[in-house]
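Each chain is listed here by its residues.
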Amino acid sequence: MSDKEMRNAQKDESMIIQKEMIAEHYKRLERAPETKEPVVYTFVPGNLTELIRSFGCLPVLPEINALQSGMRGKSREYIAEAEKRGHSEDVCTYVKCDIGMAMAGNIGPTGTKLPKPDLLLLSYTGCYTFMKWFELLREEYDCPCVFLHVPYQGEGEIEPEHREYMVKQIKDEVIPALEKISGNKYDEEALKERLRLSVQAEDDLVWVLQSAMQKPSPIDAYFGAVYYVGPIFSAFRGTEEGVNYYKALRREVQGRLDAGLGPVAPKGPMAEEKYRIVVEGPPNWTHFREFWQMFADEGAVVVASTYSKVGGTYDFGFRHNPDDPLGTMGDYCAGCYTNHNLPGRIDMLCQYLKDYEADGFLINSVKSCNSFSAGQLMMLREVEKRTGLPGGFIESDLVDPRYFSAANIKNRLESYFQMVEARRSSSAQKGMSA
Amino acid sequence: MTPSPRAQIVDWATEIYEDLEFTVVREWLDAQPGRKAAGFLPVYAPKEVIHAAGMLPVGIHGNGAIEIIRGDAYYQSYICHLPRSVVELAESNRLDFLSAALFPSTCDVIRNLSGMWQIMFPDMYVRYMHLPQVADPVLGAQFWQRELNVIREGLGQVAGTTVGDDQLRASIGIYNEVREVIGQLYALRSKQPWKVPTEELYLLMRAGEVVAPEVFMDQARAYLAAAENSDERIKDRTRVIIVGSFCEQPPLGLIKTIERAGCYIVDDDFLAGNRFMTKAVPTAGDPAANLATTFTSSAVKTSVLYEPDPKGKKSLMQERAAAARADGIIFCAASFCDPALLDRPMLREGAEAAGIPCIAFKFAENSGQFQQFREQAGTFSDSIKLWGDAS
Ligand code: SF4
Ligand code: SF4
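Residues numbered from 1 in each chain as written. Chains lettered and ligands numbered in written order. Predicted model: local features only at pLDDT ≥ 70, side-chain atom pairs only at ≥ 80, totals over all residues. Heavy atoms only, no water.

Chemist: What exactly am I supposed to notice about the site of ligand 2 here?
Modeler: Residues and elements named next belong to chain B. Taken together, C80, L82, T106, C107, V109, I110, C247, E248, F336, C337, D338 and P339 make up all the residues around ligand 2. Residue assignment for the shell around ligand 2 shows that the elements contributing at least two residues are α5 (108-120) and α13 (338-353). Considered class by class, the residues forming the shell around ligand 2 number nine nonpolar, one polar and two charged. (Near = heavy atom within 4 Å. Helix = DSSP H or I, 4+ residues; strand = E, 2+ residues; numbered from the N terminus. Nonpolar A, V, L, I, M, F, W, Y, C, P; charged D, E, K, R; others polar.)

The following block contains the structure:
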């Protein structure tokens, strides 16, 4: 087998596994009304997948459906439908896309019909809009909703009383709600077993993400990482399939590292790693590949991103602890990226710039998301001030194609990389004259 | 001619409202050495705790009149206006009298502003306040009681004192009186809105956000007495509720416009924090526990708290319209305001299903043109009158 064939075979392995896992999951979801497997809708940040699964329930993540609708070119019509029904143009487009999708028959990303939820598990983690989203869905589906209040890390840490508060809610509210819809009793041993599986996948994911510390980085830790975090952020944490996927992915990345290869961008492998960049903020989904290619065309590889931490900040050491199943779920929820305060987010960016030896950072500020976006201009200035590295600011949206101006973004990126280049040459000159 | 006592009160409140320098706060601070002030952002903050620490609670509600020079550098165009005027006030040193700032869990903009504040004012006591959101009132109260005690301790340290139970009880007593007089004013306006123009009521409430509660109560009681005795005659106007302006405040011109377009505002959620708890807080027993249980048992239904009742959103407008005997609802939200705008479809659907006429518009605190609002509110009012006549 040639090098190339081997690379393709390896690449295909993890992608094929992921594709199959997802297809199978959506098939199960489609059959759920007949098989009577209960369906729980919940959010990516603060998802309690292991717990949900330990009751034999199937999770559905509406944000993932919305982003997939964006990628499949469906979001425009869904959003328009929701706006026609009185939803404001000013609010998060994920919500409108999801509501529009439900109105259009609830056909999920793989083309199969999504079942109605038996329970809405409103894990109120890091985003105000979540609360309204599920209040809205509750009206749509007329089903029970259980609320888990996850306190924000306003002081930059998880306060012990806040942890206790979360544990109490999981015990007294969430577990009884899951028992009720599933007819199964809470089984702590089964949960622990799932948490053990989570740890394995988490270890491998962190290894993959941190492989970007190498030069050249074998992965793109923003655009590429979106695929890598998919299983662990959605339905597959705490499952054998999840563990297998991350093992395969790790093998594949190890192969690229050994061969000294960079990431594969939409138009093929990147020839050169010209710039190492850290990115803050979610990507745009309606023009995802075009957006990624703009970076690739400049020779820019994203070596670390905050978006890939919205479903957990594992690279800062957190792992689920099977010995303390409920407490660890509280820690997990409170530790998700958007539940960190602004100074914490700034620290994280500075840390990434240092650890990944990046040339600069970019903020993609999305119109939809106050949770991410409010305060990003200050983050830009603070990170620049603290690291001396150049920051860039671009604006788009998640799934509303009206807010993606390709020409504008391309211009901004080009100017930004020119600035990075200029800084580089001036520091090189300084180095020579010193 | 000397203005009437009522006009004097309105002038007093207007002066405070228009003063971008917070002179009344500065005068209060200067009146006695060692005095301190704690700011709070909308919507709800436990003023009792601030007061019990001997500090002046100061509502930071932004300001549409201030010229934004630095604030825009902090916020993208798709974020509401309030935080930019707040940052402008802060960056221009107009809030330099604050020793502490509390940021309630109203929305992600205010949440993130708490972190910005920590960076801008590293020496200030800054606390993000998690209002209890859970359906279980016992658990919610336990949680909130602990939060209140953390704030109590933190503010005590800022003030250089320990906030004892007796002090907190005394402050609760004072704010029970404040709530009572505000309740009376709102009730009078609802009953006889021609006697209490919302423009005046609003100015008075706004002054109440920055002056000491004792000062506010004197003025509010005097205003109430004067309004009760007013011989103003009822006019043919439509009774409306304004919904959605609980955080960023509409410009005064917008409130005036709605009234002059033929509406009596008989209920609203302007400065909703001062009416957040609908019951008096017991003064005997553990004061923090009392504040917490009163919150979880009587907090007003609003966009900033989770609604555990699945029918709650749908029925809320009907309940409010019935309580205020309103003919219609004007949804009046700040542009880009997530809480108000995400709630609106649910609230409006419920209102319309109950046959309550509604219109909706958006404003920014610095909106200066009111023509479109005048036309919309005027047409709305006329159509309700016609409709009412026809039925
Ligand atoms: S506001 Fe942001 S975090 Fe919240 S649902 Fe929308 S995109 Fe997600
Ligand atoms: S106006 Fe709305 S979005 Fe803006 S800070 Fe207030 S509640 Fe938040």
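Chemist: What is the right way to look at the side chain of T112 of chain A in this model?
Modeler: All names here are of chain A. Tracing the backbone through its elements, the reader meets T112 in the loop between α5 (93-103) and β3 (119-124). Within polar-contact distance, the side chain of T112 engages the side chain of T110 at 3.2 Å. Among all residues touching T112, those that are not within four sequence positions of it are Y26, E30, N106 and I107. (Polar contact = N/O pair within 3.5 Å; in protein donor to acceptor, adjacent residues only side chain to side chain. Contact = heavy atoms within 4.5 Å.)

Chemist: Whenever I open this one, the site of ligand 1 confuses me. Can you help?
Modeler: As a matter of local geometry, ligand 1 sits amid C92, Y94, C127, T129, F130, W133, S368, C369 and L398 of chain A. Counting residues per element, the shell around ligand 1 draws most heavily on helix α6 (residues 129-141) of chain A, at three residues.

Chemist: What is the right way to look at the interface of chain A and chain B in this model?
Modeler: Taken together, the contacts link 55 residues of chain A with 54 residues of chain B. Between chain A and chain B, a total of about 4700 Å² is buried, with carbon and sulfur atoms accounting for 56% of that surface. If you look at where chain A meets chain B, you find nine salt bridges. Two residues, R146 of chain B and E161 of chain A, come together in a salt bridge whose shortest N-O distance is 3.0 Å. Our count for the contact surface shared by chain A and chain B stands at 31 residue pairs in polar contact (both at pLDDT 80 or more). Grouping the constituent residues of the side of chain A that touches chain B by class yields 21 nonpolar, 17 polar and 17 charged. (Buried area = accessible area lost by both parts, 1.4 Å probe. Salt bridge = Lys/Arg side-chain N within 4 Å of Asp/Glu carboxyl O.)

Chemist: Even after reading the chapter, I still don't get the confidence of the model for chain B, so can you show me in this structure?
Modeler: If pLDDT is low for a region, its predicted coordinates should not be looked at in detail. With 99% of its residues at a pLDDT of at least 70, chain B reaches an overall mean of 96. Both scores are given for the predicted complex: the pTM is 0.97, the ipTM 0.96. (pLDDT = per-residue confidence, 0-100.)

Chemist: Before we go on, may I ask you to explain the pairing of strand β8 (residues 300-305) of chain A in this structure?
Modeler: Residue and element names in this part refer to chain A. For β8, the buried fraction is high: six of the six residues fall into the buried class. Sheet topology places strand β7 (residues 275-280) next to β8; five bridges connect them, and they run parallel. Residue pairing for β8: V279 is matched across the bridge by S305. (Buried < 20%, exposed > 50% of the residue type's maximum accessible area, 1.4 Å probe, protein only. Pairing = 2+ DSSP bridges.)

Chemist: I tried to follow the nonpolar core on my own but got confused; where do I start?
Modeler: For soluble globular proteins, the rule of thumb is that nonpolar side chains tend to be buried together. With 272 residues, the main nonpolar core has L51, Y94 and F295 of chain A together with W117, L155 and F216 of chain B as its most contacted residues. The element best represented in this core is helix α7 (residues 165-191) of chain B, accounting for 10 residues. Apart from residues lying up to four places away in sequence, F295 of chain A is in contact with F223, V279, A300, V302, L362, L413 and F417 of chain A. Residues W194, A326, A351 and A360 of chain B belong to the second largest nonpolar core, which totals 17 residues. (Core = buried A, V, L, I, M, F, W, Y, C linked by side-chain atoms within 4.5 Å.)

Chemist: Help me out: how do you make sense of the packing of aromatic side chains in this one?
Modeler: Each aromatic ring pair is described using two quantities: the centre-to-centre distance and the angle formed by the ring planes. Scanning the model with the defined rule gives 44 aromatic pairs over all chains in all. When the ring of Y41 of chain A is compared with that of Y141 of chain A, the centres are 5.7 Å apart and the planes differ by 75°; the resulting orientation is edge-to-face. Of the two residues, Y41 of chain A is situated in strand β1 (residues 39-42) and Y141 of chain A in helix α6; the sequence distance between them amounts to 100 residues. Take Y41 of chain A and Y141 of chain A: they sit in the same class, and that class is buried. Pairing F361 of chain B with F373 of chain B gives two aromatic rings, centres 4.9 Å apart and planes at 55°, and the pair type is tilted. Remark: F373 of chain B occurs in helix α14 (residues 371-390) and F361 of chain B occurs in strand β8 (residues 358-363); sequence separation between them is 12 residues. Assigned by exposure class, F361 of chain B and F373 of chain B land together as buried. (Phe/Tyr/Trp six-rings, centres within 6.5 Å; stacked < 30°, edge-to-face > 60°.)

Chemist: What is the right way to read helix α1 (residues 5-18) of chain B from this model?
Modeler: Since the α-helix turns once every 3.6 residues, residues separated by three or four places project in the same direction. Residue and element names in this part refer to chain B. For α1, with 14 residues, the first-to-last C-alpha span of 20 Å sits near the 20 Å given by 1.5 Å per residue. Those residues of α1 not exposed but buried are R6, I9, V10, W12, A13, T14 and I16. Those residues of α1 that are buried lie in contact with α2 (23-30), α8 (198-208) and α9 (213-228). (Expected span 1.5 Å × (residues − 1).)

Chemist: Could you clarify how one ought to interpret the environment of E63 of chain A in this entry?
Modeler: Residue and element names in this part refer to chain A. With respect to the element layout, E63 can be found in helix α3 (residues 62-71). Along the primary structure E63 and F43 are separated by 20 residues, whereas in three dimensions their C-alpha atoms are 6.9 Å apart. With residues near it in sequence (within four places) discarded, E63 still touches T42, F43, V44, P45, Y94, F130 and W133.

Chemist: What exactly am I supposed to notice about the packing of α5 of chain A against α6 of chain A here?
Modeler: Relative orientation and spacing of two packed helices are given, respectively, by the angle between their axes and the distance between those axes. All names here are of chain A. One way to put it is that α5 packs onto α6 with a least axis distance of 10 Å and a crossing angle of 10°. Judged by the inter-axis angle, α5 sits roughly parallel to α6. Along this stretch, α5 crosses α6, giving a crossing that reads as right-handed. Across the interface between the two elements, Y94, V95, D98, I99, A102 and M103 from α5 touch T129, W133, L136, L137, E140 and Y141 from α6. In the contact of α5 with α6, the residues fall into nine nonpolar, one polar and two charged. (Axes fitted to C-alpha atoms, helices over the stretch in contact; angles between N-to-C directions. Parallel < 35°, antiparallel > 145°, perpendicular 65-115°, else oblique. Left-handed = near helix turned anticlockwise from the far one by under 90°.)

Chemist: Whenever I open this one, the sheet that holds strand β2 (residues 58-60) of chain A confuses me. Can you help?
Modeler: What links the strands of a sheet is backbone hydrogen bonding, and the strands pair in either a parallel or an antiparallel sense. Residue and element names in this part refer to chain A. Strand order in this open sheet of four strands is β2-β1-β3-β4, and the pairing throughout is parallel. With partners counted over all chains shown, the strands left at the sheet margins are β2 and β4 (145-149), one partner each. Within the sheet, the average angular offset between the axes of one strand and its neighbour, ignoring direction, is 25°. Contacts from α6 reach β1, β3 and β4 within the one sheet, and its direction differs from that of β3 by about 170°.

Chemist: What is the right way to read the pattern of salt bridges from this model?
Modeler: Opposite charge on two side chains allows them to pair when their charged atoms are near. Scanning the model with the defined rule gives 61 salt bridges over all chains in all. Among the ionic pairs, R275 of chain B bridges to D268 of chain B, the shortest N-O distance being 3.2 Å. Residue R275 of chain B shares its accessibility class with D268 of chain B, and that shared class is buried. Taken together, the salt bridges that share partners define one network made up of E155, E159 and E161 of chain A together with R127, R146 and E147 of chain B.

Chemist: Is there a simple way to explain the pairing of strand β1 (residues 36-40) of chain B in this structure?
Modeler: Consecutive residues of a regular strand have side chains that alternate between opposite faces of the sheet. Residue and element names in this part refer to chain B. Of all five residues that make up β1, four are buried, and the element is covered over most of its length. Where β1 meets strand β2 (residues 55-59), five bridges bridge the pair, whose relative direction is parallel. Residue pairing for β2: K36 is matched across the bridge by M55. Of the pairings in the sheet, the one linking β1 to strand β3 (residues 98-104) comprises four bridges and is parallel in character. Residue F40 lies in a different strand from β3, and its bridge partner there is L102.

Chemist: How do you make sense of the sheet that holds strand β7 (residues 328-334) of chain B when you look at a structure like this?
Modeler: Residues and elements named next belong to chain B. A sheet is described by the order of its strands in space; here four strands give the open sequence β6-β5-β7-β8, paired in parallel fashion. The two strands at the open ends of the sheet, each matched to only one other strand, are β6 (263-268) and β8. When the angles between neighbouring strand axes are averaged without regard to direction, this sheet yields 30°. Relative to β6, strand β5 (residues 238-243) runs parallel, the two being bridged by five bridges. Note that in β6 the partner of I241 across the bridge is D267. Where helix α12 (residues 312-324) meets the sheet, it contacts β5, β6 and β7, and its direction lies at approximately 140° from that of β5. This element, α13, spans β5, β7 and β8 of the sheet and lies at about 165° to β8.

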